[in-house]
Amino acid sequence: MEALHKKIREEGIVLSDQVLKVDAFLNHQIDPVLMQQIGDEFATLFAHSGITKIVTIEASGIAPAVMTGLKLGIPVIFARKHQSLTLTENLFSANVFSFTKQTESTIAISTRHLTSSDRVLIIDDFLANGKASQALISIIKQAGATVAGLGIVIEKSFQGGRAELDAQGYRVESLARVKSLTGGVVTFV
Ligand code: 5GP
């Protein structure tokens, strides 16, 4: 997606050979126009997949997920990372090791929002080693629902997440595929 490539080239900051910072438009400040274009792109890619729900993780997946849900006309659920006094019902949950924080946490979705008849599109901001995606897949399977595919805003193809999802047979659509961050330069696939 050219608008996203341009934004990454112009406003992305390479923090190391492994980590790309995109706080200017996705992870802190959000560019709503770009988010809408991203949502439209995912909606087009998954238009004929019979999607009934979108699932993402708080916080950075929410913006692209909501724009996709708006275009497809379906609800968006974000898995919660923190215990909440209002989240008292039964939960589907999974552990996820955070690549950026290097800590393990539990994410959860209320059993009220996912059922076995749902066909789910997973949306996330980044795909690195795939831990977040695998945790969401686990939650969707606990509900007996079907994973229809994954929509990723920025995939770092040099890490293992994409290959594992491919091997498991999932459809993965990434709008930007980063081949390398070596030398402080972003190279796309
Ligand atoms: P994974 O679970 O695939 O290893 O990592 C995906 C999650 O880690 C994403 O949801 C994102 O929050 C975070 N992440 C992984 N790599 C990067 C990165 O290079 N930059 C930023 N900003 N977040 C990342």
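Everything discussed here concerns the structure shown above.
Residues numbered from 1 in each chain as written. Predicted model: local features only at pLDDT ≥ 70, side-chain atom pairs only at ≥ 80, totals over all residues. Heavy atoms only, no water.

A.B. asks: In this structure, what is going on with the side chain of Asp125? I would like to understand it.
C.D. replies: Its location among the elements puts Asp125 in strand β7 (residues 119-127). Although Asp125 is buried, it makes no salt bridge; Lys81 carries the closest opposite charge, 7.8 Å away. Among the polar contacts made by the side chain of Asp125, one reaches the side chain of Asn27 at a distance of 3.0 Å. Excluding anything up to four places from it in sequence, Asp125 contacts Leu26, Asn27, Ser60, Gly61, Ile152, Val153 and Ile154. (Helix = DSSP H or I, 4+ residues; strand = E, 2+ residues; numbered from the N terminus. Buried < 20%, exposed > 50% of the residue type's maximum accessible area, 1.4 Å probe, protein only. Lys, Arg positive; Asp, Glu negative; His and termini not counted. Salt bridge = Lys/Arg side-chain N within 4 Å of Asp/Glu carboxyl O. Polar contact = N/O pair within 3.5 Å; in protein donor to acceptor, adjacent residues only side chain to side chain. Contact = heavy atoms within 4.5 Å.)

A.B. asks: Help me understand the environment of Phe92, please; the structure alone is not making it clear to me.
C.D. replies: Inspection of the secondary structure puts Phe92 in strand β5 (residues 91-97). A C-alpha to C-alpha distance of 26 Å links Phe92 and Phe42, two positions 50 residues apart in sequence. Apart from residues no more than four positions distant in its own chain, Phe92 is found in contact with Ile107, Ala108, Ile109, Ser110, Thr111, Leu114, Ile139, Gln142 and Ala143.

A.B. asks: Explain the site of the ligand to me, please; I cannot follow it from the model alone.
C.D. replies: Around the ligand sit 16 residues in total, of which Leu20, Ala128, Gly130, Ala132 and Lys156 are the nearest. Within the side chain of Asp125, one N or O atom sits 3.0 Å away from an oxygen atom of the ligand. A distance of 2.8 Å separates an oxygen atom of the ligand from a polar backbone atom of Ala132. With the chains in place, 88% of the 510 Å² that the ligand exposes on its own is no longer accessible. Here the ligand occupies the largest pocket. Of all the secondary structure elements, the ones that give two or more residues to the shell around the ligand are β7 and α4 (131-142). With four residues, the single largest contributor to the shell around the ligand is β7. Looking at the shell around the ligand residue by residue, the class counts come to seven nonpolar, five polar and four charged. (Near = heavy atom within 4 Å. Areas by Shrake-Rupley, 256 points an atom, 1.4 Å probe, with all protein chains shown as cover. 1 Å grid on protein atoms, 1.4 Å probe; cavity = no way out; pocket = protein on both sides within 12 Å on 5 of 7 lines; lining within 4 Å. Sits in = over half its atoms within 2 Å of the grid points. Nonpolar A, V, L, I, M, F, W, Y, C, P; charged D, E, K, R; others polar.)

A.B. asks: Help me understand the layout of surface pockets in this model?
C.D. replies: Space inside the largest pocket adds up to approximately 860 Å³. Along the walls of the largest pocket sit 34 residues, with Lys81, Ser98, Thr100, Lys101 and Asp125 positioned nearest its centre. The biggest single contributor to the lining of the largest pocket is β7, with four residues. Here the residues of the lining of the largest pocket are counted per class, giving 13 nonpolar, 11 polar and 10 charged. (Points joined across faces, edges and corners; volume = space filled by probe spheres on them.)

A.B. asks: So what exactly am I meant to see when it comes to the nonpolar core here?
C.D. replies: Generally speaking, nonpolar side chains in soluble globular proteins are found buried as a group. Ranked by size, the top nonpolar core spans 29 residues in total, and within it Leu4, Ile8, Leu20, Ile38 and Ile154 carry the most contacts. Secondary-structure elements contributing two or more residues to this core are α1 (2-11), α2 (32-45), α3 (62-72), β7, β8 (146-156) and β9 (172-180). The dominant element in this core, judged by the number of residues it contributes, is α2, at four residues. Judged by nonpolar contacts, the second largest core, of 26 residues, contains Ile109, Leu136, Ile137 and Leu150. (Core = buried A, V, L, I, M, F, W, Y, C linked by side-chain atoms within 4.5 Å.)

A.B. asks: What am I meant to see in the side chain of Glu58 here?
C.D. replies: For Glu58, the position within the fold is in the loop between β3 (53-57) and α3. Buried within the structure, Glu58 lacks any salt-bridge partner; its nearest side chain of opposite charge belongs to Arg80, at an N-O separation of 5.0 Å. A distance of 2.6 Å separates a polar side-chain atom of Glu58 from the backbone nitrogen of Lys81. With residues near it in sequence (within four places) discarded, Glu58 still touches Phe78, Ala79, Arg80, Lys81 and His82.

A.B. asks: Honestly, unusual backbone geometry in this entry has me stumped. Any pointers?
C.D. replies: The omega torsion of the bond from Glu58 to Ala59 falls at 0°, within 30 degrees of zero and hence cis. With respect to the helices and strands, the residue Ala59 is situated in the loop between β3 and α3. Of note in the backbone geometry, Gln102 takes a positive phi value of approximately 60° without being a glycine. By the element assignment, Gln102 lies in the loop between β5 and β6 (104-110).

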